[in-house]
Amino acid sequence: MRQILVAGNWKMHKLIGEARQLASELTSRLTGLNASVTVVLCPPFTALAEVADAIAGTGVFLGAQNVHWEEKGAYTGEVSPSMIKDAGCEYVIIGHSERRQYFGEIDETVNRRVRAALHAKLKPIVCVGESERQRDQGQTEAVIIEQVRKGLVDLNAEGMGHVVIAYEPVWAIGTGKNATPQQAQEVHALIRGLISNTFGESIASSLLILYGGSVKPGNAGELLAQPDIDGALVGGASLEADSFEGIVRAGVAVVSE
Ligand code: PEP
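Residues numbered from 1 in each chain as written. Predicted model: local features only at pLDDT ≥ 70, side-chain atom pairs only at ≥ 80, totals over all residues. Heavy atoms only, no water.

### Looking at the state of the cysteines
Counting across every chain of the model gives 0 disulfides. Free cysteine Cys-42: the closest other cysteine sulfur is in Cys-89, separated by 7.7 Å. Here Cys-127 stays unpaired: no disulfide links it, and the sulfur of Cys-42, its closest cysteine neighbor, is 9.4 Å away. (Disulfide = S-S within 2.5 Å.)

See below:
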């Protein structure tokens, strides 16, 4: 049976009370979901503990939006893998394009975070994606190959078995302009092929590769129906219960086919 994962990236939105309200609303709407669909909520750090409490025992998972690679020390403003684990996280988004664009994230630091997250028994959701200019110049494949290779350096097959990859074309994030199912499928197949070459066929076939970039209830079904699209990383549409529920239900429809 196909597995689908839908993760909501709340970015820098929601005060603690608002986060609790949305999490509670979603869990009440999404209880008893098909076990093949995993739902992950990624609120800001300040709301992690509150959302953990709201979703406890519901089967919905918690994720953070970033993590530092050091376990402890003089790193003002940073949050360690064991701290987010302690707050209830199972997942952590790493290398989001907004981190790359505004906060100096590069493939080498993505790799350090991924290895630290795995060490703490967290599941990293590793984001890759080309800019509009790179796509226009025909560099999509080369950019994705480099980001995947460098981001996953020094992982063994066991570690790779806990990694989720999110393909998020930068030009589609928050723009309302999603990749077509064919464009996304092409890149997802490329990523699965790369993982197969490095880690073997069995790890590659069970790897979850999410698509992210203006996913909405109206386009989720056709994206998730693609053979190599195993879920969605959702920004804007994860901030409202109706739209996020609609996307999750599109996933349920795909696994139930
Ligand atoms: C994201 O932030 O990961 C994202 C895909 O955003 P949006 O869905 O708003 O494009």
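Now that the structure is up, let's keep going.
### Looking at the environment of Ala-225
Inspection of the secondary structure assignment puts Ala-225 in the loop between helix H11 (217-224) and strand E8 (231-234). Counting along the chain gives 195 residues from Ala-225 to Leu-30, while the straight-line C-alpha distance between them is 21 Å. (Helix = DSSP H or I, 4+ residues; strand = E, 2+ residues; numbered from the N terminus.)

### Observations concerning the site of the ligand
In the region of the ligand, 14 residues are neighbours, and Lys-11, Glu-168, Gly-174, Ser-214 and Gly-236 sit closest. At 2.8 Å, a backbone N or O of Gly-235 approaches an oxygen atom of the ligand. Here the ligand, which alone exposes 290 Å², has 97% of that area covered by the protein. (Near = heavy atom within 4 Å. Polar contact = N/O pair within 3.5 Å; in protein donor to acceptor, adjacent residues only side chain to side chain. Areas by Shrake-Rupley, 256 points an atom, 1.4 Å probe, with all protein chains shown as cover.)

### Focus on the sheet that holds strand E2 (residues 37-42)
Strand order in this closed barrel of 8 strands is E1-E2-E3-E4-E5-E6-E7-E8, and the pairing throughout is parallel. Sheet twist, expressed as the mean angle between neighbouring strand axes with direction ignored, is 25°. Bridging between E2 and strand E3 (residues 61-64) involves 2 bridges; their strand directions are parallel. The partner of Leu-41 across the bridge, within E3, is Leu-62. (Pairing = 2+ DSSP bridges. Axes fitted to C-alpha atoms, helices over the stretch in contact; angles between N-to-C directions.)

None of this, on its own, says anything about what the molecule does.
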